[in-house]
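What follows is the residue order along each chain.
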Amino acid sequence: MSDPFPEIKSTHSLVAKYVTKPIWEKLSRAVTKTSGFSLDKAIACAVQFDNQHCGIYAGDWDSYKVFADVFDPIIKEYHGITDDSIHTSDMDATKIKGNIDPAAPVHSTRIRVGRSIDGFGLSPGITKEQRVGVENLMKKAFANLKDDLAGSYFPLTGMKEDVRQQLVDDHFLFVSGDPNLKVAGMERDWPEGRGIFHNKEKTFLTWVNEEDQLRIISMQKGGDVKAVFARLATGIKAVGDSVKTESGKEFMLDGKYGYIHSCPTNLGTGMRASVHLDLPGWTKEGLKTLQARCEELHLQPRGTRGESGGQTGVTYDISNKHRLGYSEVQLIQKMIDGVNTLYKEDLELQKKHGI
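Fair warning: this is a prediction, and the values are worked out from it, not measured in the lab. (Residues numbered from 1 in each chain as written. Predicted model: local features only at pLDDT ≥ 70, side-chain atom pairs only at ≥ 80, totals over all residues. Heavy atoms only, no water.)

Draft legend 1. Spatial organisation of the pattern of salt bridges. Summed over the entire model, instances satisfying the criterion amount to 19 salt bridges. A salt bridge links Asp241 to Lys237, with the nearest nitrogen and oxygen atoms 2.7 Å apart. Of this pair, Asp241 and Lys237 both sit in helix H10 (residues 225–247), separated by 4 residues, roughly a single helical turn. In this structure, the salt-bridge partner of Glu295 is Lys321, at a minimum N-O distance of 2.8 Å. A residue pair is termed long-range when its members are at least 10 positions apart, and Glu295 in helix H12 (residues 287–296) and Lys321 in the loop between strand E10 (315–320) and helix H13 (328–352) qualify at 26 residues. On the basis of relative accessible area, Lys321 is assigned to the partly exposed category, the value being 32%. Residues joined in a network through salt bridges with shared partners are Glu211, Asp212 and Arg215. (Salt bridge = Lys/Arg side-chain N within 4 Å of Asp/Glu carboxyl O. Helix = DSSP H or I, 4+ residues; strand = E, 2+ residues; numbered from the N terminus. Buried < 20%, exposed > 50% of the residue type's maximum accessible area, 1.4 Å probe, protein only.)

Draft legend 2. Representation of the nonpolar core within the structure. Met138 and Ile318 are the most contacted members of the largest nonpolar core, which has 53 residues in total. It is H13 that contributes the most residues to this core, 9 residues altogether. Once residues lying within four places of it in the same chain are set aside, the contact partners of Ile318 are Ala273, Ser274, Val275, Leu277, Leu279, Cys294, Leu299, Gln300, Pro301, Val339 and Leu342. Counting residues in each nonpolar core, the second largest holds 30 residues, with Leu14, Trp61, Tyr64 and Phe67 among its members. (Core = buried A, V, L, I, M, F, W, Y, C linked by side-chain atoms within 4.5 Å. Contact = heavy atoms within 4.5 Å.)

Draft legend 3. Structural context of unusual backbone geometry. Of the consecutive residues Trp190 and Pro191, the connecting peptide bond is found in the cis state with omega at 0°. A positive phi angle, near 55°, is found at Asp147, a position not held by glycine. Here Asp147 shows up in the loop between helix H7 (128–143) and strand E2 (151–155). Classification of Asp147 by relative accessible area gives exposed; the value is 68%. The backbone of Asn209 sits at a positive phi, close to 60°, despite the residue not being glycine. Within the element layout of this structure, Asn209 appears in the loop between strand E4 (204–208) and strand E5 (214–221).

Written as structure tokens, this is what we have:
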């Protein structure tokens, strides 16, 4: 017996391709052990919305195993990996060669990763008790951070207006209302169990219980990517060690899929390393041309609202495209080299367009 086959509105999504009737009949009544997650909850976004590319989330680590008939082919196609691929993590900042050219007009650098603590569900499936458990554990773990990582934790529940406004002004606050996160079950019991930690310098942040249990972020003004990555590596290790000391638990790390995240597109490093960079020459060439060039360099360009100066029209958020199948060091290296290439080419394009 199985539940009735759902109508998947995102007809071009990976969910529509791989959740077939036979697979549904096999798995529709299966439930995971950690948080009681099911396939219909996993694919809720692809069923309710018509604009999903991937369309599936995991409710716990078990979801990737129990619903492997769906997750495995989706992950394979999205990330372009093979059946026998393994994932290697490498956070050794000393292996990075060079840095972004100091002359390049980089406003700021930001690198984020996701991490999940074993034994608790992931945001789409996590129970109320587990979510509060993650937050309580993190409060203790943050209190152990030392030196330039030391700072304060700000729970969303009962947050005072002046604190909220400061976090908004710093662009640190995450808010409810994202339709995807809502339908995927990530905003249940909002805002309980959620919060933001940052160090005194506001260069090291952790979001607790947003799309992932932990989003760990390192950032600063300017283009010193190596320094931002080194701080991130130190910070992740300090948080991980602190969690282990407090609970005996480790981050979820899979031999094939790397660090476990709620969204399969983030598997592997879960890392997005980005700079805000002015590219007036490329702007004249047009966004389509810039996108095609970034594709060749394994980068992803996004528009930005500018930083403090409003939309300048020439500032882009440039980040690594891949997450899985490459180590963190490899992805940072690609980003540094790619940004330097774009900057050099931009100078030539400025001459061509007489800027």
